[in-house]
Protein chains: 2
Amino acid sequence: MLDLNLDAASNSALYIQLYKKLKNKIQNDLEANTKLPPIRKLATAVGVNPATVVKAYDMLANEEIIYKKVGSGSFVAPTKKIVETKNRHDMLKHGQIKLAESINFASATPSNDLFPVADFKYAINQVLERDQGEAFSYQKSQGFLALRKSIQKYFAQQGINSALKQIQVVSGAQQAIDIISKIMLDYGDQIIVEDPTYFGALQAFNSRKAAIKSIKMEQDGADLEAMEAYLKKNRIKFFFTMQNFQNPTGVNWSQAKQQQLLDLAEKYDFYIIEDDILSDLYYTAEKSSILKEYDKQDRVIYIKSFSKVFMPGLRLAFIILPERLLAQILEAKYATDISSGGLTQRAFDYYLRAGLLDKHIELQRNLFKKRFEIMKAELKKELAEAVEIVFPTKGGLYLWLKFVKNVDSKKLYQQAVAKGLVFSPGYLFSLNSDFGNHLRLSFAAVDSQEIKRGVQILKEIYLNHAHLNQKTEQEYSPLI
Amino acid sequence: MLDLNLDAASNSALYIQLYKKLKNKIQNDLEANTKLPPIRKLATAVGVNPATVVKAYDMLANEEIIYKKVGSGSFVAPTKKIVETKNRHDMLKHGQIKLAESINFASATPSNDLFPVADFKYAINQVLERDQGEAFSYQKSQGFLALRKSIQKYFAQQGINSALKQIQVVSGAQQAIDIISKIMLDYGDQIIVEDPTYFGALQAFNSRKAAIKSIKMEQDGADLEAMEAYLKKNRIKFFFTMQNFQNPTGVNWSQAKQQQLLDLAEKYDFYIIEDDILSDLYYTAEKSSILKEYDKQDRVIYIKSFSKVFMPGLRLAFIILPERLLAQILEAKYATDISSGGLTQRAFDYYLRAGLLDKHIELQRNLFKKRFEIMKAELKKELAEAVEIVFPTKGGLYLWLKFVKNVDSKKLYQQAVAKGLVFSPGYLFSLNSDFGNHLRLSFAAVDSQEIKRGVQILKEIYLNHAHLNQKTEQEYSPLI
């Protein structure tokens, strides 16, 4: 039996102590596939309730440090899990940086050549002439006042009305998620996310040790019946959602579901975090519908980033907050990085007031719409029998695909990289590494020629992969 | 008796549940100065160990939600505590922004007119010509490579050698503290800070619910005997320290104590976070000694910010990390804000390579030295009988003063504000609102004329305050 002494007088709950001790033991002493003691046996040996052991085992399983086999117990996971985490990181990095000599279907960030550098350079120099040293001093933690005013006006033009005091400037949408997590989440607090969803959000929630429940996406939004069934038994702090061209599915929530969601939030008393990075990129006649517009009860925390339609390296985003959260958010922003960069805030304000943002977004919309059409056409032409587009997207920067036959998208990914193509394997967007035969193809950083070549490469490796897999099965199944 | 049901199967430890329920009860139902149930009585009623109640009461007392009277128990604190928190915020803001028509002894940030705007504007435009759109794309989470190289070289010139991979770029020192807290601190983990210390650090540690112990500052560094006594009984994650011209005391750690501290870290297995914002501002012949230079065992996490000698609005700082923390820090940085602003990193790199930073810092050092001398001379001339400089500082941006007689520095602060003078009352730098008759006077944002006028105003309100206090005592003591 393992030697584990818990301290009843410690600051940590018993199951956390147990989790930490087991984790330590596993990582230092135990070999892969070692069977762990049965729950009741360990509980008796350590002198705790069986429920305490269950919780500790669950935490370890969530982190893929152990795995469970139905009917036979829990086992130490092979350490290759660490390699997988490393791979995940490498892939995330691929999303972040431009790879040399490759076709990048992973990055959902517009390529550099689309940025309005000359206009923004002009804005920077105008601001430096005007503000001199003030542009480099600490800004107020809530943000540069003139920028808060100009973005308030911009939001109003989009149909979202807010009081000036409700607007907080932050250093990008990821910081918004981080700061909101800081004020809302304590150890073990429950939240709901969409399934699949954005990995960076999961990281921030995990960092606060939240208990995360994911609800499957459907064509018109998340499965709200499943959500209500969960809400009846669990009290959550918030639901994290992307209402327009959701990452990675591209789903646009229907107005009916938006209303239902707002009603649920009121009935079960939780907040909704709406992360809006793509609502500007609709390829139909009509603008898509933002949840915050219909938020009568002040339950929606609205995060707006222009990183996907403007310039991500600015690290600038905005939150519209319910009034009762203002003071806490301001304190959290201060404790996080005091304030966002001054020059950037001032130059973006200048750019916004000059009416340049809308024009730039319209250009981007037209450009991305063309790429969207080309990618759909190429997939139909080359891979119609191999993949299906899971949801009928009409905007955004990517398509969410499913292989018709089962494939191992991790392997497929490695083969693609070898041929100079990167994309985002489906499991990157899941809490439990689901969506093994899904992938997200983004057309943000590729031109039409690259789209065509990329789809060709995908076709080649798919055919090759299917072939290889068959062969492998034969080779390793000598009995049949 | 209070009605409090705890849930043994909950995710939270019992004392945390109890703390939350009591807090809720107090804030919603109980009046100020209501006596809370005695520890043993409440423990029996709720069905928990008395130690659980003690912990919950301690947490409430730390947050000033209740107060204790020796021998008579615990009581609900008056809600004016909330007003005090608000005041604290207002004061912090005064530290952050330049007040119109006032003398600012609160701000430790150089005033805007000292920034090298023209040089930096040149650097920005050169970089934009060179890098175009790339300057506005996502940067790598670890930071712009060329900047990491140039800062590595800069550190080496200062005597601090590090491998390139050990250097992480962050958006200011506050973010460094926040990110390090994220990877090192779990609920209830113990740490040690200097007493008094920087309030923003306490905020970040509190946000991770750390158990914070503070150790008194002495003339040559913290009281290491007290620290070792504590370390013998407690396991800490790290010690947070400013080794040069500590905020707010101005103390410079002696080399003897630096060595002792490193030995303690090795003996009791903890990290040291060295927050270096002021080591460049020494007013003696010799440069002050940075702990990281002597860190043979890789136990020091070194944070370097130039916000006090360059331009704080850039939001840029650097961490030199022990190798074993690199991967975690990178993940935490990603989850916090993905990366720091690209243009800023590139322009600072350009500025650094042009050799302009050292020249600028030398100018600043000469300027601040003069202000330092003037402030000391004025205090000696005008207030020698009222205040003493607690530690014999020889660098930095402020003096830590103690009133010889007991005064209420909060009241004094309000009277000063009415006369157009702001400073930092001592309790801002304390975990437990100690240092009531201390204050920090900064000379970063004031010229020599303002220093003279400011000290005059301080003298006036001090004399007036002493006078008022005597009168008040007479009025409210009718029995004597």
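Residues numbered from 1 in each chain as written. Chains lettered and ligands numbered in written order. Predicted model: local features only at pLDDT ≥ 70, side-chain atom pairs only at ≥ 80, totals over all residues. Heavy atoms only, no water.

**Details of the overall build of chain A**
Of the regular secondary structure elements, chain A holds 15 helices and 16 strands. Relative to a compact globule of 480 residues, whose C-alpha radius of gyration would be 23 Å, chain A shows 24 Å and is just as compact. Summarising its shape, the C-alpha atoms of chain A cover approximately 70 × 60 × 45 Å along the three principal directions. A total of 480 residues make up chain A; the buried ones form 59% of that total. Within chain A, residue pairs in contact and separated by at least 24 positions form 72% of the contacts whose partners lie at least 6 positions apart. Total accessible area computed for chain A in this model is approximately 20300 Å², and 50% of it derives from carbon and sulfur atoms. Charged side chains of chain A number 64 positive and 54 negative; the gap between the two group centres comes to 2 Å. (Helix = DSSP H or I, 4+ residues; strand = E, 2+ residues; numbered from the N terminus. Rg over C-alpha atoms; globule rule 2.2 N^0.38 Å. Buried < 20%, exposed > 50% of the residue type's maximum accessible area, 1.4 Å probe, protein only. Contact = heavy atoms within 4.5 Å. Areas by Shrake-Rupley, 256 points an atom, 1.4 Å probe, with all protein chains shown as cover. Lys, Arg positive; Asp, Glu negative; His and termini not counted. Charge placed at Lys NZ, Arg CZ, Asp CG, Glu CD.)

**Some remarks on the packing of helix α1 (residues 14-28) of chain A against helix α3 (residues 50-62) of chain A**
All names here are of chain A. In contact at an axis separation of 8 Å, α1 and α3 are set at 50° when each is read in the N-to-C sense. By the angle between their directions, the pair α1 and α3 is classed as oblique. Considering only the axes of α1 and α3, their crossing is right-handed. Residues L14, Y15, L18, Y19, L22, K23 and I26 of α1 touch α3, and the partners they reach there are T52, V53, K55, A56, Y57, M59 and L60. (Axes fitted to C-alpha atoms, helices over the stretch in contact; angles between N-to-C directions. Parallel < 35°, antiparallel > 145°, perpendicular 65-115°, else oblique. Left-handed = near helix turned anticlockwise from the far one by under 90°.)

**Describing the interface of chain A and chain B**
Facing 65 residues of chain A, the contacting portion of chain B comprises 64 residues. For the pair chain A and chain B, the interface holds eight salt bridges. Salt-bridge contacts for K209 of chain B lead to D186 of chain A; the nearest nitrogen and oxygen are separated by 3.2 Å. At the surface where chain A touches chain B, the tally comes to 23 residue pairs in polar contact (both at pLDDT 80 or more). (Salt bridge = Lys/Arg side-chain N within 4 Å of Asp/Glu carboxyl O. Polar contact = N/O pair within 3.5 Å; in protein donor to acceptor, adjacent residues only side chain to side chain.)

**Some words on the sheet that holds strand β4 (residues 167-170) of chain B**
Residue and element names in this part refer to chain B. Read across the open sheet, the eight strands follow the order β4-β11-β10-β9-β8-β5-β6-β7; overall the sheet is mixed. The open sheet has two edge strands, β4 and β7 (221-222), and neither has a second partner. When strand β5 (residues 190-195) meets strand β6 (residues 211-218), the two strands line up parallel, connected through six bridges. Counterpart to Q190 in the pairing with β6 is A211. Sitting on the sheet, helix α7 (residues 173-184) is in contact with β4, β8 (236-241), β9 (271-276), β10 (300-305) and β11 (317-320), with an inclination near 155° to β10. (Pairing = 2+ DSSP bridges.)

**Looking at the packing of aromatic side chains**
Scanning the model with the defined rule gives 44 aromatic pairs over all chains in all. Ring centres of F239 of chain B and W253 of chain B lie 6.0 Å apart, and the angle between their planes is 55°; on these two criteria the pair is classed as tilted. Highlighted residues: F239 of chain B in strand β8 and W253 of chain B in the loop between β8 and α10 (255-267), separated in sequence by 14 residues. Accessibility classification places F239 of chain B together with W253 of chain B in one group, the buried group. Relative to Y462 of chain B, the ring of F403 of chain B lies with its centre 5.3 Å away and its plane at 10°, an arrangement referred to as stacked. One end of the pair, F403 of chain B, is in strand β13 (residues 398-403); the other, Y462 of chain B, is in helix α15 (residues 448-475), with 59 residues separating them in the sequence. Per residue, the accessibility class of F403 of chain B equals that of Y462 of chain B, and both read buried. The structure contains a cluster of three or more aromatic residues connected by ring pairs, namely F120, Y154, F155, Y302, F306, F310, F318, F348 and Y351 of chain A together with F136 of chain B. (Phe/Tyr/Trp six-rings, centres within 6.5 Å; stacked < 30°, edge-to-face > 60°.)

**A look at the packing of helix α6 (residues 145-157) of chain A against helix α12 (residues 342-353) of chain A**
All names here are of chain A. Here α6 crosses α12 at 40°, and the two axes come no closer than 9 Å. Where α6 crosses over α12, the handedness of that crossing is left-handed. Between α6 and α12, the residues in contact are A146, L147, K149, S150, I151 and Y154 and Q345, F348, D349, L352 and R353, respectively. The residue inventory of the contact of α6 with α12, partitioned by class, reads six nonpolar, two polar and three charged. (Nonpolar A, V, L, I, M, F, W, Y, C, P; charged D, E, K, R; others polar.)

**Things to note about the pattern of salt bridges**
Residue and element names in this part refer to chain A. Per the counting criterion, the structure on display carries 52 salt bridges over all chains. Salt-bridge contacts for K419 lead to E460; the nearest nitrogen and oxygen are separated by 3.4 Å. Taken together, the positions of K419 in the loop between α14 (409-418) and β14 (421-422) and E460 in helix α15 (residues 448-475) put the pair 41 residues apart, joining distant regions of the chain. You can call K419 partly exposed: its relative accessible area is 46%.

**Side note on unusual backbone geometry**
Between N247 of chain A and P248 of chain A the backbone carries a cis peptide bond, its omega angle lying at 10°. By secondary structure assignment, the location of P248 of chain A is in the loop between β8 (238-241) and α10 (255-267). In this structure, the amide linkage connecting D195 of chain B to the following residue, P196 of chain B, adopts the cis form with an omega of 0°. Tracing the chain through its elements places P196 of chain B in the loop between β5 and α8 (199-207). Not every positive phi belongs to a glycine, and F245 of chain A is a case in point at roughly 55°. Turning to its location among the elements, F245 of chain A is positioned in the loop between β8 and α10. Take F245 of chain A: its relative accessible area is 3%, and that puts it in the buried class.

**Structural notes on the relation of the copies chain A and chain B**
Both copies of the chain are placed relative to one another by a rotation about an axis and a shift along it. Once chain A has been moved 0.1 Å along the axis and rotated by 180°, it coincides with chain B to within an RMSD of 0.2 Å. Considering both components of the superposition, the chain copies are consistent with a two-fold axis. Proximity to the rotation axis, assessed at the C-alpha, singles out A13 of chain A in chain A; its C-alpha lies 2.4 Å from the axis. Both copies contact each other with a shared surface, as 98% of the interface residues of chain A are interface residues in chain B too. (Least-squares fit on C-alpha atoms with pLDDT ≥ 70 in both.)

**Thoughts on the domain arrangement of chain A**
All names here are of chain A. In terms of domains, chain A is made up of domain 1 (14-78), domain 2 (82-108 + 359-475) and domain 3 (117-354). Computed over C-alpha atoms, the centres of domain 2 and domain 3 are 27 Å apart. Across the boundary between the two partners, domain 2 contributes 27 residues, which contact 31 residues of domain 3. Taken as a group, R365, F391 and L431 account for 23% of the area that domain 2 buries against domain 3, more than any other trio of residues on that side. Where domain 2 touches domain 3, the interface holds zero salt bridges. The tally of links between domain 2 and domain 3 comes to eight residue pairs in polar contact (both at pLDDT 80 or more). Where the side of domain 2 that touches domain 3 is concerned, the elements lending two or more residues are α4 (80-96), α13 (356-383) and β13 (398-403). (Domains from an automatic or database assignment. Buried area = accessible area lost by both parts, 1.4 Å probe.)

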